[in-house]
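Chain by chain, the residues:
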Amino acid sequence: MMGQFIIALIFFFTSLVYSTFGFGFAMISIPLLSLVLAPKTAIPLSLLMGLGIGFYLVITSCKDIKPKQILYLLIGSAIG
């Protein structure tokens, strides 16, 4: 029971960092989860949670996307 609470607390903290800065989810969650879980379990669990949170952030941010600005970014990245 206490382990589940610690895992939830780790994911809460790392998702807060990820949604604020846009990176660092696995960089923070995997070392902390490895203290509680086996690394073979911590890595896939972190990956699934990161994908879920990333998908949620994309869905909630869709209304702020401007297609013209994305086109400029795509052209610039293709040249680079």
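Keep in mind it's a predicted model, so treat the numbers as computed, not measured. (Residues numbered from 1 in each chain as written. Predicted model: local features only at pLDDT ≥ 70, side-chain atom pairs only at ≥ 80, totals over all residues. Heavy atoms only, no water.)

1. Digging into the overall build of the protein chain
Across its full length, the protein chain carries four helices and zero strands. The secondary structure elements of the protein chain, listed N-terminal to C-terminal, are α-α-α-α. For 80 residues, the compact-globule formula gives about 12 Å, and the C-alpha radius of gyration of the protein chain, at 16 Å, lies well above that figure. Seen along its three principal axes, the alpha-carbon backbone of the protein chain occupies a region of about 50 × 25 × 15 Å. Looking at the protein chain as a whole, 19% of its 80 residues qualify as buried. (Helix = DSSP H or I, 4+ residues; strand = E, 2+ residues; numbered from the N terminus. Rg over C-alpha atoms; globule rule 2.2 N^0.38 Å. Buried < 20%, exposed > 50% of the residue type's maximum accessible area, 1.4 Å probe, protein only.)

2. A closer look at the packing of helix 2 (residues 25-36) against helix 3 (residues 39-61)
Direction vectors running N to C along helix 2 and helix 3 enclose 145°, while the axes themselves pass 9 Å from each other. The handedness of the crossing between helix 2 and helix 3 comes out as right-handed. Seen from helix 2, the contacting residues are Phe25, Ala26, Ser29, Ile30, Leu33 and Ser34; seen from helix 3, they are Pro39, Ala42, Ile43, Ser46, Met49, Gly50 and Ile53. Residue composition of the contact of helix 2 with helix 3, grouped by class: nine nonpolar, four polar and no charged. (Axes fitted to C-alpha atoms, helices over the stretch in contact; angles between N-to-C directions. Left-handed = near helix turned anticlockwise from the far one by under 90°. Contact = heavy atoms within 4.5 Å. Nonpolar A, V, L, I, M, F, W, Y, C, P; charged D, E, K, R; others polar.)

3. Brief notes about the nonpolar core
In terms of nonpolar packing, the biggest core is built from seven residues, these being Ile7, Ile10, Phe11, Phe25, Leu33, Ala42 and Ile53. Broken down by secondary-structure element, the contributors of at least two residues to this core are helix 1 (2-21), helix 2 and helix 3. Per-element tally for this core: the top contributor is helix 1, with three residues. Each residue touching Phe25, except ones within four places of it in the same chain, is listed here: Phe11, Thr14, Ser15, Tyr18, Ser46, Met49, Gly50 and Ile53. (Core = buried A, V, L, I, M, F, W, Y, C linked by side-chain atoms within 4.5 Å.)

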